[in-house]
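Descriptive structure summary
One-letter residues, chain by chain:
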Protein chains: 2
Amino acid sequence: MTRTPPDQTTAKRGRPRAFDRDAALAKATQLFWQRGYEATSIGELTRAMGINPPSLYAAFGDKKALFLEVVSTYGETYGAFTRQALDEEPRAYDGMARLLREAAVSFTDPTHPRGCLVICAATNVTEQSSDVEADLRALRAGNIAEFERRFRAAVEAGETAPDADPHAMANFYAAVFQGMSQRARDGGTTDELRAVAEMAIAAWPKP
Amino acid sequence: MTRTPPDQTTAKRGRPRAFDRDAALAKATQLFWQRGYEATSIGELTRAMGINPPSLYAAFGDKKALFLEVVSTYGETYGAFTRQALDEEPRAYDGMARLLREAAVSFTDPTHPRGCLVICAATNVTEQSSDVEADLRALRAGNIAEFERRFRAAVEAGETAPDADPHAMANFYAAVFQGMSQRARDGGTTDELRAVAEMAIAAWPKP
DNA sequence: CCGTTTCTGTAGTGACTGCTATAGCCTGGG
DNA sequence: CCCAGGCTATAGCAGTCACTACAGAAACGG
């Protein structure tokens, strides 16, 4: 293990890297997001990134590590709106409504691939990549658990009908969110996704 | 083009087939359903079907044709409940409710892979299989169009609020259905999917 | 019996997969 | 100025992919 993780502040001995690491990562993100993990080959990646295989492996480790880094930065950029919506809105209802409405826009944004990378980029996978699939699955499970915690607090705070079930609500809104991603991939328009969001918001068990 | 399509009633000249074509197709269905189209290799298929590659190609054409035949029989068996629910229930509300409740059971049935094959078996795909992806996409689009037709009739029949939007409703229930498939793939239980179904059913715009 | 037809297993095809050995290039520190 | 360190490109690794040429086996009609 001689490879240094992304750490651009250390001493700069040796020949400097000839490409922009962040720009290359962004290119990889686009490809993985569009085609998925296994359907994107190293050849496609290096071509899009404008580098040769040894440079990719020196900079990112291997295909799996590159993908996980893509997923990580995705969560801090494109996918950050979900956590923000829940964190910044005082009431769970407002947070979930904002989350779904912003998803309708983000999932159909023409400046990047459609849908959510965490949901769609590692679904059809061979046995040898089942750990990558499991990683994304765990991310999704964490998000749903976050939904449920938020909803449980909301029920206790009287923001819902008193008999509302936080677990059921978390599963419902997760299914709607993941369904919206799927619909976006299939070509659903922003307005169509917005309509889905509004019907799901209207299903909130009001107090 | 000397190959004969599945036609077991024609004259039986030549050496007879040594394996059960339907049983082999069922095995292929399980594999494609579980892993997806491209992640399932001919080697895995022939091993599971108990035959050699030439037998597979003689009986089914090629990988793409085999998959499409799998999809076709899937629609007449495992996936038939969706059409039946809408066709057999006089009221659209009852049809959709039944469809979602049966999906909660079917998507988590332990006797076969989870979720819906049409939704999940060709999502991450290379360029050379984009036609397969498009085929399933078209099937999904057809189902949504069917939802919308059914809902439009329901609105005109006064089975909903008068200002209900059939297009929005079709998109909403399609998203929930596809989301339930995704949740099932991620390990969601029958009861959790049932809870999702009930919240979606409760969102029906009642008259 | 023969000849035709179709299936079967063996053993490959070329093209691609993720990945890397090697050698040369370019930089810093001493 | 030299050398060590890290990046670069070329070229190629073993393995797998979907698919098939070939020859033998098993059924039919005549």
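Since this is a predicted model, take the numbers as computed values, not measurements.

For chain A, the helix and strand inventory stands at 10 helices and 0 strands. Along chain A, from the amino end to the carboxyl end, the secondary structure elements read α-α-α-α-α-α-α-α-α-α. Based on the C-alpha atoms only, the size of chain A along its principal axes is roughly 65 × 35 × 30 Å. The buried share of chain A, taken over its 207 residues, is 52%. Relative to all contacts within chain A whose residues are 6 or more apart in sequence, the contacts with residues 24 or more apart total 69%.

The immediate surroundings of DNA strand C are formed by 22 residues, with Ile42(A), Lys63(A), Gly14(B), Ala18(B) and Asn52(B) found nearest. Each atom of DNA strand C within 4 Å of the protein was classed as base or backbone; sugar and phosphate made up 68%. Between Ser41(A) and DNA strand C, the recorded distance is 3.4 Å, taken from a side-chain N or O atom to a phosphate oxygen. In this structure, Lys63(A) approaches DNA strand C through a side-chain N or O atom, which is 2.8 Å from a phosphate oxygen. Among the elements of the structure, helix H3 (53-60) of chain A together with helix H3 (53-60) of chain B are those that each provide at least two residues to the surface near DNA strand C.

If you rotate chain A by 180 degrees and push it 0.0 Å along the axis, it lands on chain B with an RMSD of 0.0 Å. Such a combination of rotation and displacement between the chain copies is what one expects of a two-fold axis. Closest approach to the rotation axis among the C-alpha atoms of chain A is made by Gly179(A), whose C-alpha sits 2.0 Å away. Mapped onto chain B, 100% of the interface residues of chain A are again interface residues, and the two copies thus contact each other with one and the same surface.

Next up on the list: the protein's contact with DNA strand D. With respect to spatial proximity, 22 residues lie near DNA strand D, and among them Arg15(A), Ala18(A), Asn52(A), Ile42(B) and Lys63(B) are the closest. Counted by atom, the contact set of DNA strand D within 4 Å of the protein is 66% sugar and phosphate. Take Ala18(A): an N or O atom from its main chain is 2.6 Å from a phosphate oxygen of DNA strand D. At the level of elements, H3 of chain A together with H3 of chain B are the ones that each hand at least two residues to the surface near DNA strand D. Broken down by element, the surface near DNA strand D gets its largest block of residues, 3 residues, from H3(B). Considering only residue class, the surface near DNA strand D consists of 9 nonpolar, 6 polar and 7 charged.

Another point: the UniProt feature "DNA-binding region" (unreviewed entry) in chain A. This chain's UniProt record puts "DNA-binding region" (unreviewed entry) on residues 41-60 of chain A. Taken end to end, residues 41-60 of chain A has its terminal C-alpha atoms 15 Å apart, with 80% of it in helix and 0% in strand.

Let us look at the side chain of Thr40(A). Residue and element names in this part refer to chain A. Positionally, threonine 40 belongs in the loop between helix H1 (21-35) and helix H2 (42-49). When its relative accessible area of 0% is taken as the criterion, threonine 40 is described as buried. A polar side-chain atom of threonine 40 sits 3.5 Å from the main-chain carbonyl oxygen of leucine 31. Ignoring sequence-local partners within four residues, the contact set of threonine 40 consists of Leu31, Phe32, Arg35, Leu45 and Lys63.

Turning our eyes to something else, we now look at the nonpolar core. Leu100(A), Phe172(A), Leu100(B) and Phe172(B) are the most contacted members of the largest nonpolar core, which has 127 residues in total. Apart from the residues within four sequence positions on either side, Leu100(A) is in contact with Tyr173(A), Val176(A), Phe177(A), Met180(A), Ala197(A), Ala200(A) and Ile201(A).

This part takes up the packing of helix H9 (residues 166-185) of chain B against helix H10 (residues 190-202) of chain B. All names here are of chain B. The contact between H9 and H10 brings their axes to 10 Å, and the two run at 170 degrees. Considered as vectors, H9 and H10 are oriented roughly antiparallel to each other. Taken together, the residues of H10 that come into contact with H9 (itself represented by Phe172, Tyr173, Val176, Met180, Arg183 and Ala184) are Glu192, Leu193, Val196, Ala197, Ala200 and Ile201. The residue inventory of the contact of H9 with H10, partitioned by class, reads 10 nonpolar, no polar and 2 charged.

Turning next to the interface of chain A and chain B. Contact residues are listed per partner, giving 39 residues for chain A and 39 residues for chain B. Of the roughly 3100 Å² buried between chain A and chain B, counting both surfaces, carbon and sulfur atoms make up 55%. Taken together, the connections running from chain A to chain B amount to 6 salt bridges. Joining chain A to chain B, the criterion identifies 19 residue pairs in polar contact (both at pLDDT 80 or more). Residue assignment for the side of chain A that touches chain B shows that the elements contributing at least two residues are helix H7 (117-120), helix H8 (130-156), helix H9 (166-185) and helix H10 (190-202) of chain A.

Right, let's talk about the side chain of Ser129(A) for a bit. All names here are of chain A. Tracing the backbone shows serine 129 in the loop between H7 and H8. Owing to a relative accessible area of 5%, serine 129 belongs among the buried residues under this scheme. Reaching out from serine 129, the side chain makes a polar contact with the side chain of glutamate 38 at a distance of 2.6 Å. Setting aside its immediate chain neighbours within four residues, serine 129 contacts Tyr37 and Glu38.

Before going further, it helps to examine the state of the cysteines. Structurally, a disulfide amounts to a covalent bond that connects the sulfur atoms of two cysteines. Residue and element names in this part refer to chain A. Under the definition given, this model contains 0 disulfides over all chains. Not part of a disulfide, cysteine 116 finds its nearest cysteine sulfur in cysteine 120, a span of 6.7 Å. On the basis of relative accessible area, cysteine 116 is assigned to the buried category, the value being 8%.

Conventions adopted
Residues numbered from 1 in each chain as written. Chains lettered and ligands numbered in written order. Predicted model: local features only at pLDDT ≥ 70, side-chain atom pairs only at ≥ 80, totals over all residues. Heavy atoms only, no water. Helix = DSSP H or I, 4+ residues; strand = E, 2+ residues; numbered from the N terminus. Buried < 20%, exposed > 50% of the residue type's maximum accessible area, 1.4 Å probe, protein only. Contact = heavy atoms within 4.5 Å. Near = heavy atom within 4 Å. Polar contact = N/O pair within 3.5 Å; in protein donor to acceptor, adjacent residues only side chain to side chain. Least-squares fit on C-alpha atoms with pLDDT ≥ 70 in both. Nonpolar A, V, L, I, M, F, W, Y, C, P; charged D, E, K, R; others polar. UniProt positions renumbered as here; feature names shortened; annotations may be inferred. Core = buried A, V, L, I, M, F, W, Y, C linked by side-chain atoms within 4.5 Å. Axes fitted to C-alpha atoms, helices over the stretch in contact; angles between N-to-C directions. Parallel < 35°, antiparallel > 145°, perpendicular 65-115°, else oblique. Buried area = accessible area lost by both parts, 1.4 Å probe. Salt bridge = Lys/Arg side-chain N within 4 Å of Asp/Glu carboxyl O. Disulfide = S-S within 2.5 Å.

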